[in-house]
Amino acid sequence: MSIDARFVFEHLPLLLYGEDFTITYGPPPTYLSSIAGASEVGKKIVLVFKEDRNAAAAKIKTTPKKLPNKIEGTSELDLTGSPLKDDCIVDVIADLSLELQLVHSSPWKLEEEFQRGVSVDKARAIICTEHFQHADGLGSVWFLCDGSDHGQTQLLQYEFNKTHFSRGILSYQGVLPAFMVTSQSLVRQHSTAGGAPMETAIENRYQVNPHMTLRCSWTTSAPQPLLVNLRDCEVALSHIFRVGDCSPLTQDFMNQLRILVYIREDIVSYHKDEQQGLGRDPTYRCGPGIDMDELRESINKTMTDVSGLMDHYSSGAAEFDIEEVVHRAKGRRLTDLTDKLWELLKSCGSYKDLKMAFNMLFQCAARSNIVNTPTNKNRLAEIITELANRRLAIPCLSGAEALELLLEVGLEKVYKDYEFIYTESKMCSTNLLKATLETADGSPQNVPQLRKSLHNAVRGDATQGAAGMRKTLLHLDADSRTTGVKYGDEDVAGIKNSHFDEHESMERISKLFQIHCTMEHLLMIHIHLNLPNVYSDVCSELLKKTPKLVEAIDDQLSDVMDIHLAAHYVREHLDAKEPYSRHITMKSLNKFRELQTTFYFNSENICPPELAQCFQCDDKELVKERTYHAWLYRKIRTLK
């Protein structure tokens, strides 16, 4: 519910005249949404507080967290230090411009550390003024308090309502042992303010790991509600995957996606510069570099090697879980020629070397007896096949065509990696994976039917004067492609070596990123919960989501999974375990009065310590068993 703008910007500042208060209208503090509930608070609120940036800035710690010593004999390399590194220990680093890997795991936002509360008496005096009581408004105004009173009041709320007087108060209850959180004590606290609860809504959160949470929620009208219910509750599983948290098991696959993104960026950058008249060679920045004589030998061996022709793609009836399959996928033997060439070509150290590598490849295809015929349906496979069958002259790549060919080959190879993982682990069928790509670009795997284009290309469609010339370019008819940002002269008759569509390529990479994130979610479910009966449904639900477009992949990029599960799947895992947090709301009402009491318990303090004096000392250290930080939010609405 939104607040009346006129009240916020005209009347409220007059009431606070002479006071050093800050008034904001925006998203509520994170702790307020957690304690009172997002549905109660809304998306935007009016918040009155004092701001103190000097005190908060003085408390910023500049000492990096000491990392554990590296074990001797390990293969881990420190790529961030100097080769002349000494053994001195740095305790304080004053230069905050350095990109120190400091741990910031606070549950609150940084700007919330600058907020300070006003005195409770002052906030109540403002709310009780006649002008405030009779103001026309809509929604709520929240006053952040300093918690210096006996009840440790943290927030006061005044809700504008034409028919009711409505106020709320949120207070900090201190640290409580888990055994003191009982249904009887909660009902007693609610009843002291007005009657037994008529309805109770409960949500328990169980933390599987720092990024995975199980939420169990239910509603009951029982006079003494159960605080734990694992039989008929609604269960939701949440997991956040961040690219920067990629494990060594899946890092290679994420690096392949990064390479595809970089190649696409370089293609787009080159074409945009070309359109602006800036002539330059394309760049390739993904390969470590390789000796060209060694590369030539590897290409010749790859195209004439027959050892991999009898390799089987599937292991038959053997059963492997997803973790084992990911291990196998990292070292699986590639059977298709262009998949093997991807591993070689992406190692080139520059675009010049990459273009030279393609020339070696085309010469080998034209002059050698190729045994390992490509089976993939990409542009490079078609060129190799036509060269081997003596139907084409050796193409001469220009512009960014080498990058475009490499991108298409990489997209197909990376997709087949994920296809191996999903089908071998029996997470989903090949048809489902293909269907997800169809939704991204409108065609199965976006594989062009190039043979038809080749057939059309030699039917006399060439320009006048070109009759009898051998075709050296392969191109799919532009009319059969999906619409998007295309580069190059589409009106030139004949066929082309490569094709690139800016939007289409981004959709393909975005879908592959979604497939990778789904794999990460499934891996975490398998490792931490081991729920084999839900993998198929979870996989299907996640893959059918509309992917978010990904233009770049950095360590901060993340993907959130939030799915519903049947309660019996997690009952054994959660039985006899204390929730990490509890959110319990009791309601009672009559003709004249409505009462809502919300109890919130969390194993950690979700408020900045500088917010109030009561957060400065942590009593949890004095208790060995499970303890909770407790808050109480009470809202009373009476008829005018």
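Above this text you will find the structure in question.
The present account deals with the structure reproduced in this document. (Residues numbered from 1 in each chain as written. Predicted model: local features only at pLDDT ≥ 70, side-chain atom pairs only at ≥ 80, totals over all residues. Heavy atoms only, no water.)

## Let's talk about empty space enclosed by the protein
Scanning the entire structure with this criterion turns up two cavities of 30 Å³ or more. Taken as a whole, the second largest cavity spans an internal volume of roughly 30 Å³. Together, Q514, T518, H521, L542, K545 and D559 line the second largest cavity. Ranked by residue count, the leading element in the lining of the second largest cavity is helix α17 (residues 502-528), at three residues. Classifying every residue of the lining of the second largest cavity by side-chain character gives one nonpolar, three polar and two charged. (1 Å grid on protein atoms, 1.4 Å probe; cavity = no way out; pocket = protein on both sides within 12 Å on 5 of 7 lines; lining within 4 Å. Points joined across faces, edges and corners; volume = space filled by probe spheres on them. Helix = DSSP H or I, 4+ residues; strand = E, 2+ residues; numbered from the N terminus. Nonpolar A, V, L, I, M, F, W, Y, C, P; charged D, E, K, R; others polar.)

## Points about the pairing of strand β5 (residues 153-160)
Among the eight residues of β5, eight are classified as buried, and the element is accordingly described as predominantly covered. Across six bridges, the pairing between strand β4 (residues 139-144) and β5 is antiparallel. Bridge assignment links V141 to a residue of β5, and that residue is Y158. Pairing between β5 and strand β6 (residues 164-177): six bridges, direction antiparallel. Looking across to β6, one finds that L155 is bridged to L170. Here β5 hands over to β6 after three residues, the two strands then running antiparallel side by side. (Buried < 20%, exposed > 50% of the residue type's maximum accessible area, 1.4 Å probe, protein only. Pairing = 2+ DSSP bridges.)

## Describing the pattern of salt bridges
Applying the stated criterion across every chain, the model contains 18 salt bridges. We note a salt bridge from R285 to E265, for which the minimum N-O separation is 2.8 Å. Of the two residues, R285 sits in the loop between α8 (251-275) and α9 (292-304) while E265 sits in helix α8, which places them 20 residues apart along the sequence. With relative accessibility at 46%, the residue R285 sits in the partly exposed group. Classification of E265 by relative accessible area gives partly exposed; the value is 27%. Between D273 and R280 there is a salt bridge whose closest N-O contact spans 2.7 Å. Owing to a relative accessible area of 29%, R280 belongs among the partly exposed residues under this scheme. Look at the salt bridges and you will find they share partners, linking E40, E159, E594, K635 and R637 into a network. (Salt bridge = Lys/Arg side-chain N within 4 Å of Asp/Glu carboxyl O.)

## Digging into the pairing of strand β11 (residues 581-589)
Counting buried residues in β11 gives seven out of nine residues, a clear majority hidden from the surface. Note: strand β7 (residues 199-209) against β11, seven bridges, orientation antiparallel. Looking at the pairing, N204 lines up with R582 of β11. Examined bridge by bridge, β11 and strand β12 (residues 593-602) share nine bridges and lie antiparallel to one another. Looking at the pairing, S588 lines up with L595 of β12.

## Looking at the packing of aromatic side chains
If you walk through the whole model with that rule in mind, you get seven aromatic pairs. Residues Y158 and F160 carry aromatic rings whose centres are separated by 5.2 Å and whose planes lie at 80 degrees to one another, so their mutual orientation is edge-to-face. As far as the burial class goes, Y158 and F160 line up, both buried. Put simply, the rings of Y172, Y600 and W631 touch in pairs and so form one group of aromatic residues. Its guanidinium or amino end placed over the ring of F320, R328 lies 4.4 Å from that ring's centre, counting from NZ or CZ. (Phe/Tyr/Trp six-rings, centres within 6.5 Å; stacked < 30°, edge-to-face > 60°. Lys NZ or Arg CZ within 6 Å of the ring centre and 35° of its normal.)

## A look at the state of the cysteines
According to the stated counting rule, one finds zero disulfides in the structure shown. Looking at C216, it has no disulfide partner, and the nearest cysteine sulfur is the one in C233, 4.2 Å off. Look at C216 and you get buried, because its relative accessible area is 0%. Of all cysteine sulfurs, the one in C539 lies closest to C428, which takes part in no disulfide; the gap is 4.0 Å. Of the residues examined, C428 reaches a relative accessible area of 12% and is grouped as buried. (Disulfide = S-S within 2.5 Å.)

## Considerations on helix α11 (residues 337-345)
With eight of nine residues buried, α11 lies mostly within the body of the structure. Restricting attention to buried positions, one finds in α11 the residues L337, T338, D339, K340, L341, W342, L344 and L345. For α11, the secondary structure elements touched by its buried residues are α8, α9, α12 (351-367), α13 (379-388) and α14 (401-424). (Contact = heavy atoms within 4.5 Å.)

## Focus on the packing of α8 against α14
Viewed as axis vectors pointing N to C, α8 and α14 meet at an angle of 155 degrees, and their least axial separation amounts to 10 Å. Relative to α14, α8 is oriented roughly antiparallel. As α8 packs across α14, the resulting crossing turns out to be left-handed. Note on element contacts: α14 touches α8 through L403, E404, L406, L407, G410, L411, K413, V414, D417, Y418 and I421, opposite F253, Q256, L257, L260, I263, R264, D266, I267 and H271. (Axes fitted to C-alpha atoms, helices over the stretch in contact; angles between N-to-C directions. Parallel < 35°, antiparallel > 145°, perpendicular 65-115°, else oblique. Left-handed = near helix turned anticlockwise from the far one by under 90°.)

## Quick look at unusual backbone geometry
Phi is positive for N530, close to 55 degrees, though the residue is something other than glycine. Of note, N530 is situated in the loop between α17 and α18 (535-543). For N530, a relative accessible area of 46% puts it in the partly exposed group. The phi dihedral of A576 falls on the positive side, at around 70 degrees, and the residue is not glycine. Topologically, A576 is positioned in the loop between α19 (567-574) and β11. Look at A576 and you get exposed, because its relative accessible area is 80%.

## Focus: the side chain of S505
Along the polypeptide, S505 turns up in helix α17. The class of S505 is buried, set by a relative accessible area of 6%. In this structure, S505 is in contact with R264, L407 and F500, ignoring residues within four places of it in sequence.

## As for helix α5 (residues 120-127)
Those residues of α5 not exposed but buried are V120, A123, I126 and I127. The buried side chains of α5 occupy one side of the element, clustering within an arc of 130 degrees when seen end-on. (Arc of directions from axis to C-beta.)

## So, the nonpolar core
Side chains that are nonpolar tend, in soluble globular proteins, to be buried together. Of all hydrophobic cores here, the largest spans 113 residues; its most connected members are I263, L354, F358, Y418 and Y422. No other element matches α14, which puts 13 residues into this core. Beyond its immediate chain neighbours, meaning those up to four positions away, Y422 contacts M427, C428, L433, I515, T518, M519, L522, C539 and L543. Formed by 19 residues, the second largest nonpolar core is a distinct cluster that contains I45, L170, Y600 and L611. (Core = buried A, V, L, I, M, F, W, Y, C linked by side-chain atoms within 4.5 Å.)

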